[in-house]
Amino acid sequence: MAIDIVTSASFVPVPEILSQTIEAILEIVVAANDVFFKKESFKELATYLERIVPVLKELNRKYISNSESLNTAIQILNQEIKAAKQLTLECSSKSKVYLLMNSHRIVRRLEGTMREISRALNLLPLTSLELSSAIVVEIGNLCECMQKAEFKAAIAEEEILQKIETGIQERNADRSYANNLLALIAEAVGIPSERSALKQELEDFKSEIENVRLRKDMAEAIQMDQIIALLGRADAASSPKEKEMKYFTKRKSLGSQLLEPLQSFYCPITRDVMVDPVETSSGQTFERSAIEKWFKEGNNLCPLTMTPLDTSILRPNKTLRQSIEEWKDRNTMITIASMKPSLTFGDEEEVLHCLRQLKDLCEQRDLHREWVILENYIPVLIQLLGGKNRDIRNHVLVMLHILTKDSDDAKDRVAKVDNAIEYIVRSLGRRIDERRLAVALLLELSQYNLLRESIGKVQGCILLLVTMASGDDNQAARDAEEILENLSFSDQYIIQMARANYFKPLLHRLSTGPKDVKLIMATTVAEMELTDHNKVVLLEGGALSPLLHWVTHGGSQMKSIAVKALRNLSTVPKNGLQMIKEGAARPLLDLLSLSSSSPTLGEQVSATIMHLAVSTVSQESNEAPVSLLESDGYVFMLFSLINSTGPEVQQNILLIFQALCQSPSAANIKTKLIQCSAIPVLVQLCELDAEKVRRNAVKLFCCLVKDSDEATILEQVHRKCLETLLRIVQSSNDEEEVASAVGIISNLPENALITQWLVDTGAIPVIFHVLRKGNDSHRSQLVENAVGAMCRFTAPTNLDWQKRAAEAGVIPILVHLLDSGTTSTKNHAASSLSRFSQSSPDLSEPIPKRKGFWCLSAPPETGCLVHGGICSVESSFCLIEADAVRPLVRILEESDPGVCEASLDALLTLVEGERLQSGSKVLAQANAITPMIKFLSSPSIRLQEKALHALERMFRLPEFKQKYGPSAQMPLVDLTQRGNSSMKSLSARILAHLNVLHDQSSYF
């Protein structure tokens, strides 16, 4: 071979051969990227050949013309490179299916070419060429690598070739087998799965047969014909119209009468038509299972001729088997064609019988299923879905599923039937068995592009599918979810799914879709009415990350939509906290600081931040606190925007700080607001006519005033401010605003100047009116603040204020609130009564002496049991006259120590100084002594001390000592052991009064 090559090419100059070889190698390198088959193998070949190029260039430079061995080696190398080029070009131009069928041959040619090139390189006379050592080493390495190189058909290719061989040998491979085989081939060689592309590839493969025949390679031509016959059964091999014409041509040639089986079709042993006929050594044919059983039972004679048989010989009778199959196919084709009238016009039992028979036939062979499709049963079946019989509908759904499975032709026929999908969708809303069958059928249909559109358009279909996807039937739920995924090609359907509470496709598009699709999805989230549960689902599903990305990096439209979506999601406190944790606050705050040119955007951003702030109020005590404003700078920046933004943003900023003043970071926020001079700004805002801004300014002012120092308040709060607050109390229709305005007055420092301004501006009647109007359980905060505000006018140091308050009718309301108010209200009410009561001794008028004859004069007036003189509620503020003693005693049982202490203070004003005897009797009658004894064991030190001092004085009275001493003994002993030093001493003194300790004991 090499000698022939050398002889034929000896007249071509070697340098020219080297140049041709280098050029061919470079062409192979380029062509290797375009091969249709075994691309990686050809790239490996190209890599080896590229390494040869520097060697050839060096040979061209060192060429020795009189070296015959060098010339021979170069010419052999050139010829093998040409062969490699030819193989590469063939694999770049021939049918992909043809290349796959010849994969073994291509692999062998590749390996042979590599070894021949390696052999040619080995023939080079390296010692005489004076090549560099690097080149010599490279040639050696190349030869070794190329000799060892191995190429194998991929596992998928081997499986396909095996399936082809099996299909040809079995001769009964059906349409389904061919479809699956063609799908594997398409995947292996990179053909699109569309029918048109597959058909074109099969046509290209058929054209290769003509080339093979021209080469007179009959063995290969026969094999290719068999492959074409096998793949020709696939749907892509011919159009539905071609199949239909071929089918009806054959069916019409058969007539309409069923044929009886020939006698030869029967097994002599079973007397049944044979399925797998085999011939024995005697030449007789039997059913395989029957004759094998005959042999297994120990018989070795022919059942017919009784001649000895070789039990090891059983030859398939292919001719007879084919005849039986042809007879069966003929009768089945006629049977299928004859059943349609029964389905259309028969009664329910007849229809059910036909449906069962059709189902059995379709399950026997895929070919029967194809005949049912070609007989156009699908429109008839769909019409049956509109009937009332549930069994018929269920059987129809099963049949339609069988017919449409992996059949684009059947799906296309479904698509052409009017209202077909509507009929199927109706079954989704019926009983569970029918629903399960319907969703399985829709899943199959949803894999066909033309029907996907129709499924999504049916009213209520997506809602039913979403409902099923979350149902208890696991298989139906999986099918429904897969249908929804198949319908996710349409943005409109994705939005419908979201409105039905199925968000998975929307979240996927929001994260990974094109920019315009992301915008549509974000707009949907922004504008959709969502339940709190769905908002949580969206956030947990991953909506936050892409939306925050747009807030930071998006254009103006993207920013606006993203903020609207975040605003919608942030209304749920759980979401708000999660958004803060994931860093949403900083980009939103930065965007707000830059949004002065876009008021609408500023409103959206500020509203979103407000929701985040509200969420911080709902934090659980056992969780690590989440802070919205990470740095003081953000507090100052945010509050400073109040002076440069519109009313909506102002309102939202005020709401943000109101919420933060109730959060775990409230103390720090209040401190920072006071530091940045928030109070004078709020005072100004309280005077605005814009109700929403004013209302929220008043509320925030109320949050801050209690924590502000007296100097700051006196500096910023003047008489005009107080007048403004009272005007708000009188005119506002917003109860929360009124409560906050009253709360400001309540929390202002008890400074004489401020209180006098309030008195002068008519605050007492205004606040009294609020108290009287708000004295019910629905206005607890308003009443609580009003009582606190009224408390400042009860200071015993200013009798004029007290009289004004008493004359307004405050005391009876305070007494009433002892039973009906909140804990804070009771505290303020008891404190106010205590302060009133401190002035009572000086205001109680002496009883006038009787003049004239006693028998002719009016009965003497009865003096107060405690104060001895004439008392009244309005003139002397007497607790006895106000019937306040028993309500005060009742709240001694409250759990709040502050309320108990305020009540005790009020009651103890009755036993001050010389009123000990009379006051103690009143307290005893009201059952106040026992609760006071209980206070000796209270966890509140202040209560213990006050009760201890009061009892020490009362137990000086023998009657009280005798009556209540025994019950006080144990608590007093306990105090001598656990109390502080002053309580130990006082307890010991009382115990001495009670004769428990010696009165001279100095131990304590």
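Everything that follows concerns the structure shown earlier in this document.
Calculation criteria
- Position numbers for residues start from 1 in each chain and track the written sequence from start to end.
- At least 70 in pLDDT is required for a residue's local features to be given in this predicted model, at least 80 for side-chain atom pairs to be given and counted, and no such filter applies to totals for whole chains, interfaces and linings, which use all residues.
- Hydrogens and waters are ignored; side-chain quantities use all the structure's heavy atoms.
- The working definition used for a salt bridge is a side-chain nitrogen of Lys or Arg within 4 Å of a carboxyl oxygen of Asp or Glu.
- Comment: elements are numbered from the N terminus, with helices defined as DSSP H or I runs of at least four residues and strands as E runs of at least two.
- Residue exposure (1.4 Å probe, protein chains only): buried if accessible area is under 20% of the type maximum, exposed if over 50%, otherwise partly exposed.
- Only heavy atoms matter for contacts: two residues are in contact if any of them lie within 4.5 Å across the pair.
- Put plainly, a pocket is an open set of points on a 1 Å grid over the protein atoms alone with protein on both sides within 12 Å along at least five of seven lines, a cavity is a set where a 1.4 Å probe fits but cannot get out, and a lining residue has an atom within 4 Å of a point.
- Grid points are joined across faces, edges and corners, and a volume is the space filled by probe spheres set on the points.
- Any residue that is not Ala, Val, Leu, Ile, Met, Phe, Trp, Tyr, Cys, Pro, Asp, Glu, Lys or Arg is counted as polar, Gly included; the first ten are nonpolar and the last four charged.
- Given the number of residues in a helix, its expected span is that number minus one, multiplied by 1.5 Å.
- Residue types Ala, Val, Leu, Ile, Met, Phe, Trp, Tyr and Cys, when buried and joined through side-chain atoms within 4.5 Å, form a set referred to as a nonpolar core.
- All axes are obtained by fitting lines to C-alpha atoms, using only the stretch in contact for helices, and the reported angles, taken between N-to-C directions, cover 0 to 180 degrees.
- Angular relationships are summarised with four words: roughly parallel below 35 degrees, roughly antiparallel beyond 145, roughly perpendicular across 65 to 115, and oblique for the angles in between.
- Left-handed describes a crossing whose near helix is turned anticlockwise from the far helix by less than a right angle; the clockwise case is right-handed.
- Stacked, tilted and edge-to-face are the three classes applied to pairs of Phe, Tyr and Trp rings, where Trp contributes its six-membered ring and a pair requires centres within 6.5 Å; stacked means planes under 30 degrees apart, edge-to-face means over 60, and tilted covers the rest.
- Note on geometry: a ring has a charge over it if NZ (lysine) or CZ (arginine) is within 6 Å of the ring centre and within 35 degrees of the ring normal.
- When DSSP finds two or more bridges between two strands, those strands count as paired.

Asker: So what's going on with the pattern of salt bridges? Residues and values would help.
Answerer: Tallied over the entire structure, the rule returns 41 salt bridges. Between aspartate 734 and arginine 695 there is a salt bridge whose closest N-O contact spans 2.8 Å. With aspartate 734 in the loop between α40 (719-731) and α41 (735-747) and arginine 695 in helix α38 (residues 691-705), this pair connects stretches of sequence that are 39 residues apart.

Asker: Residues and numbers for the side chain of serine 938, please.
Answerer: Relative to the helices and strands, serine 938 resides in the loop between α52 (929-934) and α53 (941-954). Overall, the relative accessible area of 13% leaves serine 938 in the buried class. Not counting residues within four places of it along the chain, the set of residues in contact with serine 938 comprises Leu943 and Gln944.

Asker: Any details on the layout of surface pockets? Residues and values, ideally.
Answerer: If a probe the size of a water molecule is rolled over the atoms, the empty space left behind becomes visible. Reported here for the second largest pocket is a volume of approximately 690 Å³. Along the walls of the second largest pocket sit 22 residues, with Ser193, Arg195, Leu198, Asp406 and Asp408 positioned nearest its centre. With 6 residues, helix α9 (residues 175-189) is the single largest residue contributor to the lining of the second largest pocket. Partitioned by chemical class, the residues of the lining of the second largest pocket number 7 nonpolar, 7 polar and 8 charged.

Asker: Pulling in residues and values, what's your account of helix α14 (residues 318-338)?
Answerer: Over its 21 residues, α14 extends 30 Å from the first C-alpha to the last, a length consistent with the 30 Å expected when each residue adds 1.5 Å. Listing the buried residues of α14 in full gives Leu320, Ile324, Trp327, Asp329, Arg330, Asn331, Thr332, Met333, Ile334, Thr335 and Ile336. Tucked inside the fold, the buried residues of α14 contact α12 (240-252), β1 (277-279), β2 (285-287), α15 (340-345), α16 (348-364) and α17 (366-374).

Asker: Any chance you could break down the nonpolar core for me, citing the residues and the numbers?
Answerer: Leu547, Leu628, Leu629, Phe657, Leu673, Phe701 and Leu888 are the most contacted members of the largest nonpolar core, which totals 181 residues. Aside from chain neighbours lying at most four places away, what touches leucine 547 is Leu510, Ala522, Ala562, Ala565, Leu566 and Leu569. Formed by 75 residues, the second largest nonpolar core is a distinct cluster that contains Phe37, Ile117, Leu131 and Val212.

Asker: Just give me the short version of empty space enclosed by the protein, but keep the residues and values in it.
Answerer: Per the counting criterion, the structure on display carries 1 cavity of 30 Å³ or more. In this structure, the largest cavity is lined by Arg175, Asp235, Lys243, Glu370, Ile373, Leu374, Ser407 and Asp409. Residue contributions to the lining of the largest cavity peak at 3 residues, all from α17. Partitioned by chemical class, the residues of the lining of the largest cavity number 2 nonpolar, 1 polar and 5 charged.

Asker: Lay out the packing of helix α33 (residues 599-617) against helix α35 (residues 647-660) with the relevant residues and their values.
Answerer: At a closest axis distance of 8 Å, the pairing of α33 and α35 adopts a crossing angle of 15°. Taken together, the axis directions place α33 and α35 in an arrangement best described as roughly parallel. When you trace α33 past α35, the crossing you get is left-handed. Side by side, α33 and α35 meet where Gly602, Glu603, Ser606, Ala607, Ile609, Met610, Ala613, Val614, Thr616 and Val617 of the first sit next to Glu648, Val649, Asn652, Leu655, Ile656, Ala659 and Leu660 of the second.

Asker: Tell me about the environment of histidine 401, residues and numbers included.
Answerer: With respect to the element layout, histidine 401 can be found in helix α19 (residues 390-404). Under the relative-accessibility criterion, histidine 401 is labelled partly exposed at 25%. Residues histidine 401 and serine 875, 474 residues apart in the sequence, show an inter-C-alpha distance of 96 Å. Setting aside anything within four residues of it in sequence, one finds histidine 401 in contact with Ala440, Leu441 and Glu444.

Asker: Lay out the packing of aromatic side chains in plain terms, naming residues and giving numbers.
Answerer: If you walk through the whole model with that rule in mind, you get 7 aromatic pairs. Considering the side-chain rings of phenylalanine 960 and tyrosine 964, the 6.2 Å spacing of their centres and the 15° angle between planes classify their relative orientation as stacked. With a gap of 4 residues between them, phenylalanine 960 and tyrosine 964 both fall in helix α54 (residues 958-978), about one helical turn apart. Given a relative accessible area of 3%, phenylalanine 960 falls into the buried group. Aromatic rings pair up to connect Tyr247, Phe248 and Trp371 into one cluster. Positioned above the aromatic ring of tyrosine 377 is the side chain of lysine 340, whose terminal nitrogen or guanidinium carbon lies 5.5 Å from the ring centre.

Asker: Any details on the sheet that holds β2? Residues and values, ideally.
Answerer: Here 3 strands make up an open sheet; going across it, the order is β2-β1-β3 and the pairing antiparallel. Both edges of this open sheet fall to β2 and β3 (315-316), since each of them pairs with a single strand only. Running at roughly 95° to β2, helix α13 (residues 288-296) makes contact with β1, β2 and β3 of the sheet.

Asker: Describe in detail α53, supporting the description with residues and values.
Answerer: Between its first and last C-alpha, α53 extends 20 Å over 14 residues, near the 20 Å set by a 1.5 Å rise per residue. Of the residues making up α53, those classed as buried are Leu943, Gln944, Ala947, Leu948, Ala950, Leu951, Glu952 and Met954. The elements touched by buried residues of α53 are α50 (897-908), α51 (916-925), α52, α54 and α55 (981-993).

Asker: Account for unusual backbone geometry, naming residues and giving values.
Answerer: Across the chain, the bulk of peptide bonds are trans and the bulk of non-glycine residues have phi less than zero. We note that asparagine 419 has phi near 60°; this positive angle belongs to a residue other than glycine. Within the secondary structure, asparagine 419 sits in the loop between α20 (408-416) and α21 (420-426). Unlike most non-glycine residues, phenylalanine 877 shows phi in positive territory, near 60°. As for its placement among the helices and strands, phenylalanine 877 is situated in the loop between α48 (873-876) and α49 (885-890).

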